[in-house]
Amino acid sequence: MAPKPPAAAEASATPPAKPAAPAAAAPPKPAAPPAAKEAPPKPVPLDNELVQRFKARFGEGIREATLDRKQAIVTVAADQLREISGYCRDDEKFDMLVDLTAVDWPKREKRFDVILILYSFAKNERLRLKAHAGEIEPVPSVCEIWPAANWLERECYDMFGIVFEGHPDLKRILMPDEWQGHPLRKDYDILKQDTDWVRENLGIESGQ
Amino acid sequence: MSDSRNPGTSNVSTTVLGADEIILNMGPQHPSTHGVLRVKLKLDGERVVDSECIIGYLHRGVEKIAEHRSYQQFAPYVDRMDYVAAVSNGLGYCEAVEKLLGTEAPPRARVVRTILTELQRIASHLLWLGTHALDIGALTPVFYCFREREEILKIFEKYCGARLTTHAFRIGGLQYETYDGLEQDVKRFCDDFATKIDEYETLLTENRIWVGRTKGVGILTAADAIALGVTGPVLRASGVKWDLRKAMPYAAYDQYEFDIPTRETGDTYDRYVVRMEEMRQSRRICLQAIENIPSGPIMARIGKVLKPPPGEVYHSIEAPKGELGYYIVSDGTTQPYRVRVRPPSFVNLQAFDKMARGALVADVVAIIGTIDIVLGEVDR
């Protein structure tokens, strides 16, 4: 038997298969810290110095700034995405593009959110840029600002069909080149597939 | 310069070939591509002048599946991305959902998570070392590495019953209490492992063939690495002292002392040295953590049905291969509206073209090995 702290030994006395529930429900454990009832997290407007600098520089180009789970999100006009990204890299020192992705909201007028997650080594800080884009509306590519965007934008195009204007070689990356449809769109059913492609290339009737 | 700013843009098949140039196709069935990676190389004699990675052979649509599962149901799927470091994947996902819920795992769970994740880092690096050395022609290290990796997998098996796709953690904490003797097992492993790393080093570090095949091969400068979004040991070998465990601590990392190894040149040899040192540091963290595992509950009170309030969160951890991030959007229902995985292998692989240009064909094998990719994670 390992020299364990008393509380742990107590817990191991309960049946080992499902200790989680009894341990949480056991009354003589007042020390359980997560019991503190906090208000559920929700997005709140953000107005710090960074946002003020953004607004002073780009005015209407900055649509909204929010703080969600302590993370800063700045919604920007899609047609100014490249200038704002360049400013983020050069002036605000967000030198790394961590991720670029999209979210589909089909009921909205402009259905896509294009998301850029930036990181600044100097400030040890993350920033999320968000731009709304319509279905056939191209979004400026940020490849020239962060070369990391190359494959990420290709994936975004592959999965959502968002066209990045100025991308050096925009083509599918994960799906086969001839595939029809963009799988991560909400109206692309999870069981859907490009049946013609499957028949032609795999020699089977269905991949399901 | 414009070339270096836009790597990976080449389209090898459609470019016009010079008089002495040929196109060589490597993969997808090639033993040294560690899975189904296909690389098209444009060669001038033995030199690579251009390259293009073709990926997607293992695409399973993990992000689409996530939108059709509850938060808990999706947790086992993340193990199948980087399947040689499943524990790290699970940690990232569970912590991201916890953040989305606005809760946190209890201290005991966080420390146990840290121990298992660091063991996983050692296991992942051991697999990398063995196969990388094998690719370059050293047969012995792979047997040594698998011997020690086995000990780690045994600890996982004793803890949760699985060795590879462990599903070791749950959203909110842990499902299983630690077994009696976990501390002793980890301690025994760590005590033995110190001499084992030295043993690997006697085989490779000053080995003339190893040095000849890795020094100056696949150089990546710090500026290029940052521009390309490269993270993890590859970034640190280029001289950037950055590790998420220090920069934005998660789990219980803020309680332990450890160093971030870095090197300057950013070649294949440097990445080897950095990963070797990282294993020593992981061992240090494990030894500190088992000294004092706090008592108390292992599961936060989160309820059986998870309905995170609407909103979004990005959370990332330092996985063995680099920054592993989860971007999750909730619409207030039991299923995530969108789960985006930021895979380190995918982003790091983008630097391949930069590293391979000007190298010899034989070096390509070393460069693929040194990036340490897992195709399950690249393709998801």
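Predicted, not measured: the structure shown is a model, and the values here were computed from it.

Parameters at a glance
Residues numbered from 1 in each chain as written. Chains lettered and ligands numbered in written order. Predicted model: local features only at pLDDT ≥ 70, side-chain atom pairs only at ≥ 80, totals over all residues. Helix = DSSP H or I, 4+ residues; strand = E, 2+ residues; numbered from the N terminus. Contact = placed C-beta atoms within 7 Å. pLDDT = per-residue confidence, 0-100. Pairing = 2+ DSSP bridges. Axes fitted to C-alpha atoms, helices over the stretch in contact; angles between N-to-C directions.

Draft legend 1. Inspection of the overall build of chain A at higher detail. Per the secondary structure count, chain A includes six helices and eight strands. Ordered by position in the sequence, the α and β elements of chain A form the string α-α-β-α-β-β-α-β-β-β-β-α-β-α. Of the contacts formed within chain A by residues at least 6 apart in sequence, a portion of 42% connects residues at least 24 apart.

Draft legend 2. Main features of the confidence of the model for chain B. On average, residues of chain B score 88 in pLDDT, and 95% of them are at 70 or above. Reported confidence for the predicted complex is 0.84 by ipTM and 0.83 by pTM.

Draft legend 3. Representation of the environment of Arg172 of chain A. Among the secondary structure elements, Arg172 of chain A is positioned in the loop between β8 (164-165) and α6 (195-202). Each C-alpha atom, one on Arg172 of chain A and one on Glu153 of chain A, is 9.6 Å from the other, the two residues being 19 residues apart in sequence.

Draft legend 4. A look at the sheet that holds strand β1 (residues 44-45) of chain A. Residue and element names in this part refer to chain A. An order of β1-β2-β3-β6-β5-β4 is seen for the six strands of this open sheet, with the pairing classed as mixed. Bordering the open sheet on either side are β1 and β4 (96-104), each of which pairs with just one other strand. Bridge count between strand β5 (residues 112-120) and strand β6 (residues 125-133): nine bridges; the pairing is antiparallel. Paired with Ile115 across the bridge in β6 is Lys130. Running at roughly 170° to strand β2 (residues 62-68), helix α3 (residues 49-58) makes contact with β2 and β3 (71-76) of the sheet. Where helix α4 (residues 81-90) meets the sheet, it contacts β3, β5 and β6, and its direction lies at approximately 175° from that of β6.

Draft legend 5. Quick peek at the pairing of β6 of chain A. Residues and elements named next belong to chain A. Alignment of β3 against β6, held across four bridges, turns out to be parallel. Its bridge partner being in β6, Val74 is matched across the sheet by Leu129. Between the end of β5 and the start of β6, which pair antiparallel, lie four residues, with Asn124 showing a positive phi angle near 50°.

Draft legend 6. Summary view of the environment of Ile328 of chain B. Residues and elements named next belong to chain B. Relative to the assigned elements, Ile328 resides in strand β7 (residues 322-330). For Ile328 and Lys99, which are 229 residues apart along the polypeptide, the C-alpha to C-alpha distance reads 9.9 Å. Beyond its immediate chain neighbours, meaning those up to four positions away, Ile328 contacts Ala96, Val97, Leu100, Glu312, Val313, Pro336 and Val339.

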